[in-house]
Structure formats: structure tokens, C-alpha cells
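Chain residues, written in single-letter form:
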Amino acid sequence: MTASSRPRQFDLIAFDWDGTLFDSTQIIVRCIQAAVVDVGGARPSDEAASYVIGMALMQALAHAAPDVPPEKYPELGNRYRFHYLKHQDDIALFDGVLPLLASLRERQHLITVATGKSRRGLNEALHSVALRGVFDGSRTADETAGKPDPRMLHELMAEFDVAPERTLMIGDTTHDLQMALNAGCASVGVSYGAHEPDAFDALRPRHVAHSVADLHQWLLNNA
């Protein structure tokens, strides 16, 4: 039996965005660091800034900048957006993502996005011609609960009437994998994004992919 003819194990596949499909981790880290310094905070380490990727924006910034008082959070958010907008055109999909998504569509999986980005930010990213019509649905942190709260996955499963055991979450952070665990879904981690994969094992992913090609092959064989 070929990979393409195997029965589907998962009807709904939810992807994280930044660091999983979109090669944006290092730019996000630099933007967080610059924003914190702009408002008078101590520059977070690369590790501290990477850790918060995937959280809702203000939750992430507050966590990365514990010395910045809450009254400065609006300014902190504005400075982050200022720096990110300067670099958003420097960011692209990881090589191999479009063929991966095309193969999943051919097998009639429902393909969705569950991201810590804002709705506006995700819509801007999805505006490219190559991504039009690729995703069946999406949830962003500003329209539902941020990760690792399972509400994003609960809402996507309800929208498409798919049970947790038929749903797979794919992401590059412990927040993604914890969200899947909280929702009763299977998960796959990717090691090429924001978090070191050493912390993934406790969250019981079905697989940890070390490249998009590795992820693609696993999905063909197991999804």
C-alpha cells in the first residue's frame, strides 16, 4: 500500500504558524528584544525571547519583560509591532511547506492554523497568492484563548465536527504541544523553530520532525 492510498488517521490537521510553517523565529526574537529596550526594560536573552513565541502577544511580552511595569504594556506592544512591520517582508515560508500542504489537500485532510498571532497579522501573512484557498480554517490568539489553553483546538474541532482523536496539532513550541494535550489531541513537534526539542518528550508528541522534509514524510506515512 502506498502512502497516498493509506486510510487517514487524522481528518483535521492544525498547524502553528511562526516557527512551524513560517521562518520567523529569529526576527520575532530580535523584535521582542528591541521593544523591551525601547520602553526601558532589560534586554531579554535569546532564550527568554524565544520561549514566549506562540503565546498571545501581550502575554508573551509581559513574560519576556518582567521588569517592565504594566502601565507600559501598551507602549511595549506598539514598539513590538513597529519593529515587526519593518521586517515582515523579510520572512518567508520554510522551504517545502507548500508541497507539504498540497499533498495534505490531495488526501482531503482539513488543514487549519492555530496561532498566537493576531487575526490581522495572520490575514496579512495569508494574503500571498500561493496560500489563497489552502487553509480550511484558522484561529488566532486575539479572537479566542491563547496557548496552551485548548480553546483554539476546541473551536476548530467544533467548526468542522471532528473528534479529538481525529485531530493532530503540529507546532514548534511546548505551548503548542501542551495545548494539544489539554484538548485531548495528538501532536507532532518540529525542532527547527523556537523551542529546543528536549522539553517535548514530557508532552508525548507522536513524532519530532527535524526538517520540513522529515515532517512531510511522517505525515504521508502516519497521518
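Note: the structure precedes this text.
Analysis parameters
- Starting afresh in each chain, residues are numbered from 1 along the sequence in its written order.
- Totals for whole chains, interfaces and linings use all residues, but because this is a predicted model, local features are given only for residues with pLDDT of at least 70 and pairs of side-chain atoms are given and counted only at 80 or more.
- Water and hydrogen atoms were dropped before computing side-chain values, which therefore reflect all heavy atoms in the structure.
- Per the convention used, a helix needs a DSSP run of H or I reaching at least four residues, while a strand needs a run of E reaching at least two, with both numbered from the N terminus.
- Each radius of gyration is computed over the set of C-alpha atoms, and the globule rule expresses the reference value as 2.2 Å times the number of residues to the power 0.38.
- Under the scheme applied here, a residue whose accessible area is under 20% of the maximum for its type counts as buried, over 50% as exposed, and between as partly exposed, the area being computed with a 1.4 Å probe on protein chains only.
- The criterion used for residue contact is that any of the two residues' heavy atoms lie within 4.5 Å.
- The protein chains shown are the only cover counted for residues, whose accessible areas, like all others here, come from Shrake-Rupley with a 1.4 Å probe.
- Residues are called lining when one of their atoms sits within 4 Å of a cavity or pocket point, these points coming from a 1 Å grid over the protein atoms alone, where a cavity is a set in which a 1.4 Å probe fits but cannot get out and a pocket is an open set with protein on both sides within 12 Å along at least five of seven lines.
- Grid points are joined across faces, edges and corners, and a volume is the space filled by probe spheres set on the points.
- Charged means Asp, Glu, Lys or Arg here, nonpolar means Ala, Val, Leu, Ile, Met, Phe, Trp, Tyr, Cys or Pro, and polar covers whatever is left, Gly included.
- Patch definition: residues above 30% relative accessible area lacking any salt bridge, with like charges linked at up to 9 Å and the nonpolar side chains Val, Leu, Ile, Met, Phe, Trp and Tyr linked at up to 5 Å.
- Just to be clear on terms, a salt bridge is a Lys or Arg side-chain nitrogen sitting within 4 Å of an Asp or Glu carboxyl oxygen.
- By the counting rule applied here, Lys and Arg register as positive and Asp and Glu as negative, while His and the ends of each chain are not counted.
- We put the charge of a Lys on NZ, of an Arg on CZ, of an Asp on CG and of a Glu on CD.
- Put simply, buried Ala, Val, Leu, Ile, Met, Phe, Trp, Tyr and Cys residues joined by side-chain atoms within 4.5 Å make one nonpolar core.
- Interaxial angles span 0 to 180 degrees and are taken between N-to-C directions of axes, which are lines fitted to C-alpha atoms, for helices over the stretch in contact.
- The scheme is simple: roughly parallel for angles under 35 degrees, roughly antiparallel for over 145, roughly perpendicular for 65 to 115, oblique for anything else.

Draft legend 1. Structural view of the overall build of the chain. A tally of helices and strands in the chain yields nine helices and six strands. Computed over C-alpha atoms, the radius of gyration of the chain comes to 17 Å, within 12% of the 17 Å expected from 2.2 N^0.38 for 223 residues, which places it in the range of a compact globule. Each principal axis of the C-alpha distribution contributes one length, and for the chain these read about 60 × 35 × 30 Å. Counting across all 223 residues of the chain, residues that qualify as buried make up 53%. Considering only residue pairs separated by 6 or more positions, the chain has 64% of its internal contacts joining residues 24 or more positions apart. For the chain, the exposed area adds up to about 10100 Å²; of that, 50% sits on carbon and sulfur atoms.

Draft legend 2. Structural context of the environment of Met 152. Tracing the chain through its elements places Met 152 in helix 7 (residues 151–160). As for Met 152 and Ser 118, which are separated by 34 residues in sequence, their C-alpha atoms are 13 Å apart. Excluding anything up to four places from it in sequence, Met 152 contacts Ala 114, Thr 115, Gly 116, Arg 139, Thr 140, Ala 141, Thr 144, Ala 145, Gly 146, Lys 147 and Met 179.

Draft legend 3. Representation of the layout of surface pockets. Counted as a void, the largest pocket has a volume near 740 Å³. Contributing to the lining of the largest pocket are 34 residues, with Tyr 80, Tyr 84, Lys 117, Ser 118 and Gly 121 lying nearest its centre. At the level of secondary structure, the elements contributing two or more residues to the lining of the largest pocket comprise helix 1 (25–38), helix 3 (57–64), helix 4 (73–87) and helix 6 (119–125). Of the residues belonging to the lining of the largest pocket, the class tally is 19 nonpolar, seven polar and eight charged.

Draft legend 4. Highlighting the side chain of His 109. Relative to the elements of secondary structure, His 109 occurs in the loop between helix 5 (97–106) and strand 2 (110–115). His 109 sits in the buried class, given a relative accessible area of 3%. When near neighbours in sequence (up to four residues on either side) are disregarded, His 109 contacts Arg 8, Phe 10, Asp 11, Ile 13, Leu 104, Asp 136 and Ala 223.

Draft legend 5. Summary view of a negative patch on the surface. A surface patch of like charges, here negative, comprises Glu 47, Glu 196, Asp 198 and Asp 201. Here Glu 47 shows up in helix 2 (residues 46–51).

Draft legend 6. Molecular detail of the pattern of salt bridges. Summed over all chains, the structure comprises 12 salt bridges. Asp 176 is paired through a salt bridge with Lys 147; the nearest N and O atoms lie 2.6 Å apart. In this pair, Asp 176 is assigned in helix 8 (residues 174–183) and Lys 147 in the loop between strand 3 (137–140) and helix 7, connecting sequence segments 29 residues apart. Judged by relative accessible area, Asp 176 falls into the buried class, the value being 0%. Overall, Lys 147 belongs to the buried group, its relative accessible area being 1%. Shared partners join several salt bridges into a network, and the residues in it are Arg 8, Asp 11 and Arg 166.

Draft legend 7. View of the nonpolar core. Counting 52 residues, the largest nonpolar core has Phe 15, Trp 17, Phe 135, Leu 215 and Leu 219 as the members making the most contacts within it. Of the residues forming this core, the biggest block, seven residues, is contributed by helix 1. Ignoring sequence-local partners within four residues, the contact set of Leu 219 consists of Ile 13, Phe 15, Leu 100, Leu 104, Arg 107, Leu 168 and Ile 170. Counting 15 residues, the second largest nonpolar core, distinct from the first, contains Ala 14, Met 152, Ala 180 and Cys 185.

Draft legend 8. Summary view of the packing of helix 5 against helix 9 (residues 212–222). The interhelical angle for the contact between helix 5 and helix 9, taken along N-to-C directions, is 10 degrees, at an axis separation of 10 Å. Between helix 5 and helix 9, the angle is such that the two are roughly parallel. Where helix 5 approaches helix 9, its residues Val 97, Pro 99, Leu 100, Ser 103 and Leu 104 are matched on the opposing element by Val 212, Leu 215, His 216, Leu 219 and Leu 220. Looking at side-chain class alone, the contact of helix 5 with helix 9 contains eight nonpolar, two polar and no charged residues.

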